[in-house]
Amino acid sequence: MLTTSLPPAELVGKLITGLVGRPTTVDRMPAAALDLNQPSTVAAYIQDNGMMASVIVSDLALSASGGAALALIPPGAVQDAVESGSLPDSLAENYREIVNVAARLFNRPNTPHVRLRDMHITPEMLPADVSNVISGATERLFVEVQVEGYPLGKMWLFA
Amino acid sequence: MRILIVDDSRVMRMIVQRTLRQAGFGDHELVEAENGVEALESIAANRPDLVLSDWNMPEMTGIQLLKELNNQGAGLKFGFVTSESTPEMREQATANGALFLIAKPFTAETFQEAITPILG
């Protein structure tokens with residue numbers, strides 16, 4: 001059975017750079033604890049048959065930074081979001097554009113087509129199938145993401 | 001000249017506008033619509049020289065918009081700017097008369113290559 005596989009870290013950086021128009025470096029990091037009680041975005045990707053394929057979790061700093069950089073909103077808005085511990089709707093809406101396009105990270109010529117189903121914002125409860133991908137993933141990638149000029153953020157990819 | 005940008009995402013419409021300016025098309029009038037239905041209303045009111053449309057939108061998708069324009073015999077220049085580009089999408093776009101399909105993320109150079117031959 002064909003399955004979804006995770007992209008190399010550098011492709012994540014290339015995609016975000018292309019979208020926000022600012023150099024973005026992505027570095028693999030050792031397995032870092034994921035606390036879904038903290039505010040973060042959780043992008044759920046599915047195959048065309050509706051089956052869950054993969055998940056991208058982005059912490060508040062990355063979600064806010066990506067959302068701000070995409071719309072040329074100054075970094076101060078990200079600092080405000082991090083300090084308040086919540087992601088403003090406008091930044092969430094913008095970051096959703098990034099995770100939408102990020103579906104292409106999972107699409108290869110010989111694997112099932114994958115698209116974004118939803119982007120959830122924790123600490124809201126996640127659908128069971130999304131939680132199952134996170135807990136039962138056979139592939140995991142943890143990266144630190146630095147959008148130039150914006151706070152450092154973290155991303156976890158699961159498939 | 002008028003370019004109509006059709007996308008349900010406000011930030012993507014802004015990015016397309018920005019990239020058009022970076023590509024040298026900033027002296028054209030850039031107008032926006034949130035979906036295919038709004039695009040048809042905009043086109044009926046003021047005919048654009050080029051339509052740049054997203055693929056997936058509520059109310060009416062980009063391909064539905066293109067098909068409707070074909071049904072009307074509008075004869076408009078039309079291109080897609082989309083989140084993904086599968087071979088099937090490109091085939092469908094071309095079969096319905098789209099002049100190009102640009103996948104996100106895109107660059108000013110990509111826009112120049114696709115649009116300059118059309119608008120000059």
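Before reading on, note that the structure itself is shown above.
Attention here is on the structure that accompanies the text. Just so it is clear, the model here is predicted, and its values are computed rather than measured. (Residues numbered from 1 in each chain as written. Chains lettered and ligands numbered in written order. Predicted model: local features only at pLDDT ≥ 70, side-chain atom pairs only at ≥ 80, totals over all residues.)

### Focus on the overall build of chain B
Check the secondary structure of chain B and you find five helices and five strands. Mapped in sequence order, the helices and strands of chain B form the string β-α-β-α-β-α-β-α-β-α. Radius of gyration (C-alpha) of chain B: 13 Å, near the 14 Å computed for a compact globule of 120 residues. Counting only C-alpha atoms, chain B reaches 35 × 35 × 25 Å along its principal axes. Across chain B, contacts joining residues at least 24 apart in sequence account for 60% of those joining residues at least 6 apart. (Helix = DSSP H or I, 4+ residues; strand = E, 2+ residues; numbered from the N terminus. Rg over C-alpha atoms; globule rule 2.2 N^0.38 Å. Contact = placed C-beta atoms within 7 Å.)

### Describing the nonpolar core
Residue and element names in this part refer to chain A. Within the largest apolar cluster, 84 residues are counted, with the highest numbers of intra-cluster contacts made by Ala43, Tyr45, Val55, Ala102 and Met155. Examining the composition of this core, we find that seven residues originate from one element, helix H2 (residues 60–70), more than from any other. The contact partners of Val55, leaving out residues within four places of it in the chain, are Val42, Ala43, Ala44, Tyr45, Val130, Val133, Ile134 and Phe158. (Core = buried A, V, L, I, M, F, W, Y, C linked by C-beta atoms within 7 Å. Buried ≥ 20, exposed ≤ 12 C-beta atoms within 10 Å, placed from the backbone.)

### Some details on the interface of chain B and chain A
Each partner contributes residues to the interface: chain B has nine residues there, and chain A has 12 residues. Broken down by class, the residue content of the side of chain B that touches chain A amounts to four nonpolar, three polar and two charged. (Nonpolar A, V, L, I, M, F, W, Y, C, P; charged D, E, K, R; others polar.)

### Here's the deal with the pairing of strand E1 (residues 2–6) of chain B
Residue and element names in this part refer to chain B. Along E1, four of the five residues are buried, which leaves the element largely enclosed by surrounding structure. In the sheet, E1 pairs with strand E2 (residues 29–33) via five bridges, with the strands oriented parallel. Following the sheet pairing, Leu4 is matched in E2 by Val31. With respect to chirality, the unit in which E1 leads through helix H1 (residues 10–25) into the neighbouring parallel E2 is right-handed. Across four bridges, E1 lies against strand E3 (residues 50–53) in parallel orientation. Bridging from a neighbouring strand, Ile3 pairs with Leu50 of E3. (Pairing = 2+ DSSP bridges. Right-handed = clockwise from strand over helix to strand, strands pointing away.)

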